[in-house]
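Chain residues, written in single-letter form:
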Amino acid sequence: MKLATRTTRIVPSPTLNIAATAKAMVKQGIDVADFSIGEPSCDTPAFVKAAAQAAIQAGFTKYTPVPGIDELREAIIEKFHQDQGIRYEKAQILVSCGAKHTLYNLAQALFESGDEVIIPVPYWVSYPDQVRLADATPVFLQTDESKGYAIEPAALEACLSPHTKALILNSPCNPTGTVYNRQTLEDIARVALRHHFLIISDEIYEKMHYDGMEHLSIVSVAPEVAPHTILVNGVSKAFAMTGWRIGYAAGPKELITAMNHIQSQSTSNPTSISQKAALAALTGGTSFFAELMGDLEPKRNLMVERLNKIPGIMCPTPIGAFYAFPNVAALFGRRHPKGIISTPSDLATYLLNEANIACVPGEPFGSPAHLRFSYTPTLETIHRGMDRMETAIQALA
Ligand SMILES: Cc1ncc(COP(=O)(O)O)c(C=O)c1O
């Protein structure tokens, strides 16, 4: 069969692939310490589940308007007004089947052959492939681990060309945990306004930040950039609702309308029941976030402490999201009976096969030197996994 050429430009999501392998191993009875999956381990809040159950009981189980039900879009407008300080109109809001789908619609509506899209490295695995699926070209903006992966204006300007269409920002960042400060966001906004490119601001981890660091949205810091910015968010991470598949965007009316048209010809509306659940989540107060952070912070501290105790591993403390992103380059060149560790993938494969530890190698995030560990599993799993990791790394010659 001759498949469309676009299928050859992308790979399946590496994070979902590794998570599926780990799940398959667990099914075979193998005790896997799974740090691959990017989701909170706690349950979706009970009041959110109750709203979904009520929706089913009430027969709210049919098609809805393509961009989402009015009440949910109004709740999203309110959320952006409260959190980001910008009041959008309803026509500027689109609800989709997860933030990944939001970003997909966005790429399809905005990018085409000849366009360049700037992506800071390390990046979330799906950004480059979504750009490629839209026939555009990702341009990678290198950042420096020793400077906290901050975007430097001069480096950003060096990536620009007459073909630059957009910059994808992700703060707090998956995989590094970087949270951009006011100065960085002001600098980025200034460059964007001067050079007329759009900003796509993926803020899906906005509720997860530590050590007094606050999440700032570029549109709050520099409201003059709001007409040229698309905010992407969703309920997956903030409300432990990864399976419900609700993401949303706010941005220029023309672009949101085009995304809406693409959605109308692909998925139609997001699931009616999930929309009611998301509505409950967004209007149900903020107490769940404190609970979530109370769960995550000790896990972060333990994971980083344990990783840093392993010789050859250097792990900065992430200040946002829920991933540790240790540098493992010092282990390259070490050997085990079946081969040599030369890359993050070699190490991740060794850890999975020999220590039953699932983590994601750095390459699909654009890093040749790191592994990504999600620290959402239990403290006990982190202890167990890190004990095994210590032993596995010590066993390397
Ligand atoms: C940076 C980033 N953006 C978007 C998404 C997609 O989120 P959703 O589950 O809402 O599709 C993820 C999921 O891992 C993510 O890490």
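Conventions adopted
- Residues numbered from 1 in each chain as written.
- Predicted model: local features only at pLDDT ≥ 70, side-chain atom pairs only at ≥ 80, totals over all residues.
- Helix = DSSP H or I, 4+ residues; strand = E, 2+ residues; numbered from the N terminus.
- Rg over C-alpha atoms; globule rule 2.2 N^0.38 Å.
- Buried ≥ 20, exposed ≤ 12 C-beta atoms within 10 Å, placed from the backbone.
- Contact = placed C-beta atoms within 7 Å.
- Expected span 1.5 Å × (residues − 1).
- Arc of directions from axis to C-beta.
- Near = placed C-beta within 6 Å.
- Nonpolar A, V, L, I, M, F, W, Y, C, P; charged D, E, K, R; others polar.
- Pairing = 2+ DSSP bridges.
- Axes fitted to C-alpha atoms, helices over the stretch in contact; angles between N-to-C directions.
- Parallel < 35°, antiparallel > 145°, perpendicular 65-115°, else oblique.
- Left-handed = near helix turned anticlockwise from the far one by under 90°.
- Domains from an automatic or database assignment.

(A) Structural detail: the overall build of the protein. A tally of regular secondary structure across the protein gives 13 helices and 14 strands. For 397 residues, the compact-globule formula gives about 21 Å, and the C-alpha radius of gyration of the protein, at 21 Å, lands near that figure. Its C-alpha atoms give the protein principal-axis dimensions of roughly 60 × 55 × 55 Å. By residue count, 48% of the 397 residues in the protein fall in the buried class. Of the contacts formed within the protein by residues at least 6 apart in sequence, a portion of 72% connects residues at least 24 apart.

(B) Focus on helix α1 (residues 14-27). End to end, α1 covers 20 Å across 14 residues, agreeing with the expected 20 Å (1.5 Å per residue, within 8%). Those residues of α1 lying buried are Pro14, Thr15, Ile18, Ala19 and Ala22. The buried side chains of α1 occupy one side of the element, clustering within an arc of 135 degrees when seen end-on. Seen from the buried face of α1, the exposed residues on the opposite side, beyond 90 degrees, are Ala24 and Lys27. Turning to α1, the residues buried within the fold contact β1 (33-34), β12 (357-358) and β13 (360-361).

(C) Structural context of helix α3 (residues 70-84). Between its first and last C-alpha atoms α3 spans 20 Å; for 15 residues at 1.5 Å apiece the expected length is 21 Å, and the two agree. Every buried residue belonging to α3 is among Leu72, Arg73, Ala75, Ile76, Phe80 and Gln84, and all of these are buried. Axial view of α3: buried residues confined to an arc of 155 degrees, hence all on one face. Of the residues in α3, the exposed ones pointing more than 90 degrees away from the buried face are Asp70, His81 and Gln82. Against β2 (93-96), α8 (218-221), β7 (229-234), β8 (247-250) and α10 (272-283) lie the buried residues of α3. In the segment just after α3, glycine 85 is the residue with positive phi, at about 75 degrees.

(D) A look at the site of the ligand. Around the ligand, a shell composed of 13 residues is seen, among which Gly98, Ala99, Lys100, Asn174 and Ser236 lie nearest. Looking at the shell around the ligand, its residues break down into three nonpolar, eight polar and two charged.

(E) Just the sheet that holds strand β14 (residues 371-374), in detail. Spatially, three strands are ordered β9-β14-β13 in an open sheet, and the strand pairing comes out antiparallel. At either margin of the open sheet sits one strand with a lone partner, and together these are β9 (323-324) and β13. Note: β9 against β14, two bridges, orientation antiparallel. Counted as the bridge partner of alanine 324 is phenylalanine 373 from β14.

(F) A look at the packing of α3 against α10. For the pair α3 and α10, interaxial distance at closest approach is 9 Å and the crossing angle is 30 degrees. Taken together, the axes of α3 and α10 lie roughly parallel to each other. Crossing angle aside, the handedness with which α3 passes α10 is left-handed. In this structure, α3 uses Glu71, Leu72, Ala75, Ile76 and Lys79 to contact α10, whose residues at the interface are Gln275, Ala278, Leu279, Leu282 and Thr283. Broken down by class, the residue content of the contact of α3 with α10 amounts to six nonpolar, two polar and two charged.

(G) Spotlight on the domain arrangement of the protein. One can read the domain layout of the protein as domain 1 (5-43 + 288-394) and domain 2 (62-283). Inter-centroid distance (C-alpha atoms) of domain 1 to domain 2 is 26 Å. Those elements giving two or more residues to the side of domain 1 that touches domain 2 turn out to be α1 and α11 (287-308). Of the residues forming the side of domain 1 that touches domain 2, the biggest block, seven residues, is contributed by α11.

(H) The arrangement of the packing of helix α4 (residues 99-110) against helix α9 (residues 253-264) in detail. Contact geometry for α4 and α9: axes closest at 9 Å, N-to-C directions at 110 degrees. Comparing their axes, α9 and α4 come out roughly perpendicular. Across the interface between the two elements, Asn105, Leu106, Gln108, Ala109 and Leu110 from α4 touch Leu255, Ala258, Met259, Ile262 and Gln263 from α9. A per-class count over the contact of α4 with α9 returns seven nonpolar, three polar and no charged.

(I) Spotlight on the sheet that holds β2. On the basis of which strands lie adjacent, the open sheet formed by seven strands has the order β2-β8-β7-β6-β5-β3-β4 and mixed pairing. Every other strand in the sheet has two partners, leaving β2 and β4 (137-142) as the edge strands with one partner each. Averaged over all adjacent pairs, the angle separating strand axes in this sheet is 20 degrees, with direction ignored. As judged from the four bridges shared by β2 and β8, these two strands associate in the antiparallel manner. Within the sheet, the bridge partner assigned to valine 95 lies in β8 and is tyrosine 248.

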